[in-house]
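As a plain string of letters, each chain reads:
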Amino acid sequence: MSETQKVMLEIENGIATITLNRPEVLNAMNAEVWQGLEDAANAIGRNPEVRVAIITGAGDRAFSSGLDLKAAAQGTGFPRPPTRLGTDSLTAIKHYITVWEELSVPVIAAIHGYCMGGACQLVLACDVRIASEDAIFAIPEAKVLGIVPDIGGTQRLPRLVGPSYAKLMLMTGRRIDAREALRIGLVDEVHPKGSYMAAAKSLAEEIASINPDAVQGVKRAVNAAMSCSLSVGLAFETATALSLPGLDEKFRKGATSFSEKGSK
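As the structure is a prediction and not an experimental result, all values here were calculated from the model. Sequence positions are assigned chain by chain, starting from 1 and proceeding in written order. Restriction of local features to residues with pLDDT of at least 70 applies here, the model being predicted, together with a cutoff of 80 or more for giving and counting side-chain atom pairs; totals for whole chains, interfaces and linings are based on all residues. Side-chain measures were taken over the full set of non-hydrogen atoms in the model, leaving aside hydrogen atoms and water.

Colleague: Would you explain the overall build of the protein chain in this entry?
Modeller: From N to C terminus, the protein chain includes 12 helices and 10 strands. The rule is simple: take the accessible area with a 1.4 Å probe, protein chains only, and divide by the maximum for that residue type; under 20% is buried, over 50% is exposed, in between is partly exposed. Residues counted as buried form 44% of the 264 residues belonging to the protein chain. Whether two residues touch is decided by their heavy atoms; if any such pair falls within 4.5 Å, the residues are in contact. Looking at the protein chain alone, contacts between residues at least 24 apart form 67% of all its contacts between residues at least 6 apart. Accessible area for the protein chain stands at about 13,400 Å²; split by element, carbon and sulfur atoms hold 56% of it. For helices the rule is a DSSP run of H or I covering at least 4 residues; for strands it is a run of E covering at least 2, with both sets numbered from the N terminus onward. Method for areas: the Shrake-Rupley scheme with a 1.4 Å probe, in which residue coverage is limited to the protein chains shown.

Next up, the structure:
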């Protein structure tokens with residue numbers, strides 16, 4: 001795609017790479033970025049060849065500094081609606097992040113530099129987070145804007161790091177580095193700045209090599225576990241497992257292949 005686009009989508013060997021592309025402003029998220037993210041998610045959802053997605057940021061300073069406050073002040077922070085007032089408005093805004101959580105394929109966030117505010121809330125909706133050692137995280141809406149983080153941060157962050165640490169981050173707007181993010185479970189891996197993207201691609205290739213029906217079923221089942229009781233989750237797991245096409249044949253082939261390898 002064109003380098004002038006604010007969100008770039010490239011697909012190669014079943015892996016989609018989505019790049020926030022406003023490096024001159026630390027990939028701050030304006031209406032074009034949010035719309036580009038939605039368009040990219042929709043394009044991936046329509047493409048059966050895509051097995052894994054990676055979201056990252058252009059340039060060497062930031063994944064994204066978060067919402068472009070200058071654009072927001074001018075009414076161009078989001079494609080729609082023109083106001084942040086009211087339940088319908090905020091629900092519409094949340095969609096730009098929820099679409100990645102609900103995407104059928106797994107989504108890896110490859111994070112370097114600043115990952116702030118709305119961008120941090122975006123990576124919370126991804127399935128795996130791989131960070132560069134220079135990554136800095138914060139959700140400073142309460143401190144900077146005097147508002148409650150309203151695009152999923154108060155709900156997804158405590159599910160990753162626990163309610164106490166989530167309150168600390170959200171109430172103070174405190175910045176944490178990559179090592180602290182790893183310690184508390186906000187990210188899953190930390191790599192040197194020169195190799196974090198290679199690590200994300202290696203993981204994407206590993207996942208892409210596995211039966212996509214199984215991978216996507218795992219994502220659905222684990223996502224369900226985050227919002228239901230154990231008994232309901234177990235029933236959902238059973239239904240998901242049994243829904244895989246060619247289940248009996250896949251199981252027999254897999255078991256036979258594994259046992260033959262073990263006997264050699």
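Colleague: Help me understand the nonpolar core in this model?
Modeller: In summary, soluble globular proteins display a tendency toward joint burial of nonpolar side chains. Throughout this description, the term nonpolar core refers to a set of buried Ala, Val, Leu, Ile, Met, Phe, Trp, Tyr and Cys residues connected via side-chain atoms within 4.5 Å. One finds Ile18, Leu37, Ile44, Trp100, Phe137 and Leu186 to be the most contacted residues of the largest nonpolar core, which totals 53 residues. Those residues within four positions of Ile18 in sequence are excluded, and the remaining contacts are Val7, Met8, Leu9, Leu37, Ala40, Ile44, Ala53, Ile54, Ile55, Thr56 and Trp100. Core analysis: the next-biggest nonpolar cluster, separate from the first, contains 15 residues, Ile15, Tyr196, Met197 and Leu203 among them.

Colleague: What exactly am I supposed to notice about the packing of helix α6 (residues 153-161) against helix α7 (residues 163-172) here?
Modeller: Two quantities define a packed helix pair, namely the angle between the helix axes and the distance between the axes. Under this scheme, a helix contributes an axis fitted over its contacting stretch, all axes are lines through C-alpha atoms, and angles between N-to-C directions fall in the 0 to 180 degree range. Running from N to C, α6 and α7 cross one another at 135°; their axes reach a closest spacing of 7 Å. Looking at the two axes, α6 sits oblique to α7. The two elements α6 and α7 cross, and the hand of that crossing is right-handed. Here α6 contributes Gly153, Thr154, Leu157, Pro158 and Val161 to the contact with α7, which in turn contributes Pro163, Tyr165, Ala166, Met169 and Leu170. Oblique is the label for any angle not covered by the other classes, which are roughly parallel (under 35 degrees), roughly antiparallel (over 145) and roughly perpendicular (65 to 115). Should the near helix be turned counterclockwise from the far one by less than a right angle, the crossing is left-handed, whereas a clockwise turn marks it as right-handed.

Colleague: Looking at this structure, how should I read the side chain of Arg156?
Modeller: With respect to the helices and strands, the residue Arg156 is situated in helix α6. Apart from the residues lying within four places of it in its own chain, the contact partners of Arg156 are Ile97, Thr98, Glu101, Leu124, Ala125 and Ile151.

Colleague: Teacher, can you tell me more about the sheet that holds strand β7 (residues 128-132) here?
Modeller: Strands pair in a sheet through their backbones, by hydrogen bonds, and they do so in one of two ways: parallel or antiparallel. By the convention used here, strands pair only if DSSP detects at least 2 bridges between them. One open sheet accounts for six strands, arranged β1-β2-β3-β5-β7-β10; its pairing is mixed. Of all strands in the sheet, those with a lone pairing partner are β1 (7-12) and β10 (189-191), marking the two edges. For this sheet the average axis-to-axis angle between neighbouring strands, irrespective of direction, equals 20°. Taken together, the three bridges between strand β3 (residues 52-57) and strand β5 (residues 107-111) define a ladder with parallel strand orientation. Bridge assignment links Ala53 to a residue of β5, and that residue is Val107.

Colleague: Got a minute to help me understand the sheet that holds strand β6 (residues 114-116) in this structure?
Modeller: The four strands are arranged β4-β6-β8-β9 in an open sheet whose pairing can be described as mixed. Each edge of the sheet is formed by a strand with only one pairing partner; in this case those strands are β4 (62-64) and β9 (176-177). Two strands pair when backbone bridges link them, and β4 and β6 are joined in this way by two bridges, in the parallel orientation. Opposite Ser64, over in β6, you have Cys115 as the bridge partner. Contacts from helix α4 (residues 117-124) reach β4, β6 and β8 (136-138) within the one sheet, and its direction differs from that of β6 by about 85°.

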